Amino acid sequence: MRRFPSPRGIVNTIVKLAKTCILRLTVCKLYFILSDKVANGGASMWCELSQGNFFDEFQMEGVAAEHNEIYLEFVPENLWRALKTAQSAKAVKIKLTNKHCPCLRVAVELPSLSSSSRIVTHDIPVGVIPRRMWNDFREPSMPDFDVSIYLPVLKTMKSVVERMKNLSNFIVIEANLSGEMNLKIETDLVSVTTHFKDLGNPPWASEDGCQSSGQGRDLESMAEACIDIKKLQQLLAGQQVNPTKALCNIVHKRIVHFILLHEEVSLQYFIPAIA
């Protein structure tokens, strides 16, 4: 396993967002998937990694040549604990085994003063998802958003949200196409707003070269969504992807879609609006 960027950091981010999740393995990529039904108020996540940036060797064989994929359900905290022991490892091997039950075996080779190596092994129980259920874990479609905007420095945003979390269970995110975003809470006792300006708006383009969403919208008009502040705080508190780009798309009063990008790692997180 290579050190780019820290796999443990990525798994730690996922631990903050999901108690259980799906690991999808393909020949070229790994995916961590949380597919709580947004319609039922649950958040969903799609994290995509290019395996070539994490592994020196990678071999897998799916159920069939035309379906060369594997879907596993597991507890990400168990994987994080295993990788935690690998901080000073010489090498890490991860293998799917089926000795007594399906497991991800994490073998950590640690430095040793003697000629013999020390290997610590962790067996992480997993559930194998049958092929008939694979369609439940496909990449979510990009929402037809009203506004897309770059996020402010995530540490700043995290600090603001953590303070607001002590005042309300809900937060309103609003933004426009002039690079302005506000974080607001309103209760019977207090109303607090934090303003961000000059954030910039991503140049989304469709096949004909025109902006695909928000086209024709008044640049000053705010799109907003009221969401569970804990779900937003979990994303910001656990964030170890260290993105080079971070943005959010807002579908007015319906959903907020966050995208964090770092070279060959992308994390999408969907938080539904509260009516």
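Located above this text is the structure these notes cover.
First things first, this report covers the structure right here in the doc. Note that the structure is predicted; figures quoted are calculated from it, not measured. (Residues numbered from 1 in each chain as written. Predicted model: local features only at pLDDT ≥ 70, side-chain atom pairs only at ≥ 80, totals over all residues. Heavy atoms only, no water.)

**Quick notes on the sheet that holds strand S6 (residues 102–110)**
The three strands are arranged S5-S6-S7 in an open sheet whose pairing can be described as antiparallel. Two strands in the sheet have a free side with no partner beyond their single neighbour: strand S5 (91–98) and strand S7 (118–125). Ignoring which end each strand starts from, the neighbouring axes of this sheet average 20° apart. Strand direction decides the pairing type here: S5 and S6, joined by eight bridges, are antiparallel. Residue pairing in the sheet places Asn98 in a bridge with Pro102 of S6. Along the sheet face, helix H2 (residues 76–84) touches S6 and S7 and points at about 175° away from the line of S7. (Pairing = 2+ DSSP bridges. Helix = DSSP H or I, 4+ residues; strand = E, 2+ residues; numbered from the N terminus. Axes fitted to C-alpha atoms, helices over the stretch in contact; angles between N-to-C directions. Contact = heavy atoms within 4.5 Å.)

**A short note on the side chain of Thr97**
Mapped onto the elements, Thr97 comes out in strand S5. Setting aside residues up to four positions removed in sequence, Thr97 forms contacts with Pro102, Cys103 and Arg105.

**Notes on the sheet that holds strand S3 (residues 44–50)**
Pairing within the open sheet is antiparallel, and its nine strands lie in the order S8-S4-S1-S2-S3-S16-S15-S14-S9. Edge positions in the sheet fall to strand S8 (127–128) and strand S9 (147–150), since each has one partner strand and no second. For strand S14 (residues 245–251) and strand S15 (residues 255–262), the ladder comprises seven bridges, and the chain directions are antiparallel. What sits directly across from Lys245, in S15, is Leu261.

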